[in-house]
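Coordinates in review
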Amino acid sequence: ITFDDGWKSQYDVAWPIMKKFGYPFTLFIYTEGVRGGHFGGGEAITWEQLAEMRDAGIDIQAHSETHQDLRKPYDKVAKKKLSPPEYEQWLQNEVGRSKETLEQRLGIKVNCFAVPYGFYNQHIKEIATRAGYEAMFTVYGQPITYRSPVDSLGRYLIEGNKPKVFAD
């Protein structure tokens, strides 16, 4: 089971349920969405909460820095279209720096990357591989077998804001 983004509700609501039943899970975190980051407002998880979850055995992996469509040369933080060289630098930061930040802040080994929105292309796969990721995840639901390509592993999307889907 995986959870994306790092909302406080994952700490307050999901984790106690998962802990009660002994379910292992992975949190895919976008680093600027952690409290104190550019997008880390009042409903964001904190670094301290992530460290507590890490200490309890929760797997924490990368989901980019700012959770944008990585295929598009637009930086929503800077609010500008990027030139090709700017885009390459930005893409490397989104993919690689998020890994580095998680490893440094939490003292963990990050080797998996969940692509924001599941949108990717071959170039993004190559950047992720060069950054040291061993597996990439999308949101295109599909069973995972030993033959599944590690650079596009599918997950089933269940949104908590759709109660019927979540209950099913």
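Relevant structure appears above.
So, how was this worked out
Residue indices follow the written sequence of each chain, beginning from 1 at its first position. Only residues with pLDDT of at least 70 are given local features in this predicted model, and only at 80 or more are side-chain atom pairs given and counted; all residues enter the totals for whole chains, interfaces and linings. Excluding hydrogens and water, the side-chain values take into account all heavy atoms of the structure. Residue exposure (1.4 Å probe, protein chains only): buried if accessible area is under 20% of the type maximum, exposed if over 50%, otherwise partly exposed. Here a helix means four or more residues in a row that DSSP labels H or I, a strand means two or more in a row labelled E, and each is numbered from the N terminus. Residues are treated as being in contact if the distance between any of their heavy atoms lies within 4.5 Å. Whether two strands pair comes down to DSSP finding at least two bridges between them. As used in this structure description, the phrase polar contact means that two N or O atoms lie within 3.5 Å; if the pair is within protein, one of them must be able to donate a hydrogen and the other to accept it, and residues adjacent in sequence are counted only when both atoms belong to side chains. Ring pairs are drawn from Phe, Tyr and Trp, using the six-membered ring of Trp, whenever the two centres fall within 6.5 Å, and their geometry is named by plane angle: stacked under 30 degrees, edge-to-face over 60, tilted for the rest. For a Lys NZ or an Arg CZ to count as sitting over a ring, it must be within 6 Å of the ring centre and within 35 degrees of the ring normal.

Concerning helix α2 (residues 47–55)
Of the residues making up α2, those classed as buried are Trp-47, Gln-49, Leu-50, Ala-51 and Met-53. Buried residues along α2 sit against α1 (8–21), β2 (26–29), β3 (59–62) and α3 (84–106). One or two steps after α2, the chain reaches Gly-57, where phi turns positive at roughly 100°.

Quick look at the environment of Trp-90
Secondary-structure assignment places Trp-90 in helix α3. Sequence-wise, Trp-90 and Pro-73 are 17 residues apart; in three dimensions their C-alpha atoms are separated by 8.5 Å. Not counting chain neighbours up to four residues away, the residues in contact with Trp-90 comprise Gln-68, Asp-69, Leu-70, Lys-72, Tyr-74, Asp-75 and Leu-82.

Let's talk about the pairing of β2
Along β2, one buried face is formed by Thr-26 and Phe-28 and the opposite face, lined by Leu-27 and Ile-29, is buried too. Where β2 meets β3, four bridges bridge the pair, whose relative direction is parallel. Across the sheet, Phe-28 pairs through a bridge with Gln-61, a residue of β3.

Here's the deal with the side chain of Thr-66
Within the fold, Thr-66 resides in the loop between β3 and β4 (74–75). A distance of 2.5 Å separates a polar atom in the side chain of Thr-66 from a polar atom in the side chain of Gln-68. Polar contacts involving the side chain of Thr-66 include one to the side chain of Glu-94, which spans 2.7 Å. Once residues within four sequence positions are removed from consideration, Thr-66 is found in contact with Tyr-30, Glu-32, Phe-39, Lys-76, Val-77 and Glu-94.

Overview of the packing of aromatic side chains
Here the structure, examined in full by the defined rule, presents six aromatic pairs. Seen in terms of ring centroids, Phe-21 and Tyr-23 are 5.9 Å apart; in terms of plane orientation they differ by 25°. Their pairing is stacked. With centroids separated by 5.0 Å and ring planes inclined at 40°, the aromatic side chains of Phe-113 and Tyr-133 adopt a geometry described as tilted. Note that Phe-113 is positioned in strand β6 (residues 112–114) and Tyr-133 in the loop between α4 (122–131) and β7 (135–137), a separation of 20 residues in sequence. The residue whose ring lies beneath Lys-19 is Trp-15, and the NZ or CZ to ring-centre distance is 4.0 Å. Its end group placed over the ring of Tyr-133, Lys-99 keeps NZ or CZ at 6.0 Å from the ring centre.

With respect to the side chain of Gln-68
With respect to the secondary-structure elements, Gln-68 resides in the loop between β3 and β4. Within polar-contact distance, the side chain of Gln-68 engages the backbone nitrogen of Lys-76 at 2.9 Å. Apart from the residues lying within four places of it in its own chain, the contact partners of Gln-68 are Tyr-74, Asp-75, Lys-76, Trp-90, Glu-94, Pro-116 and Tyr-117.

By themselves these figures say nothing about function.
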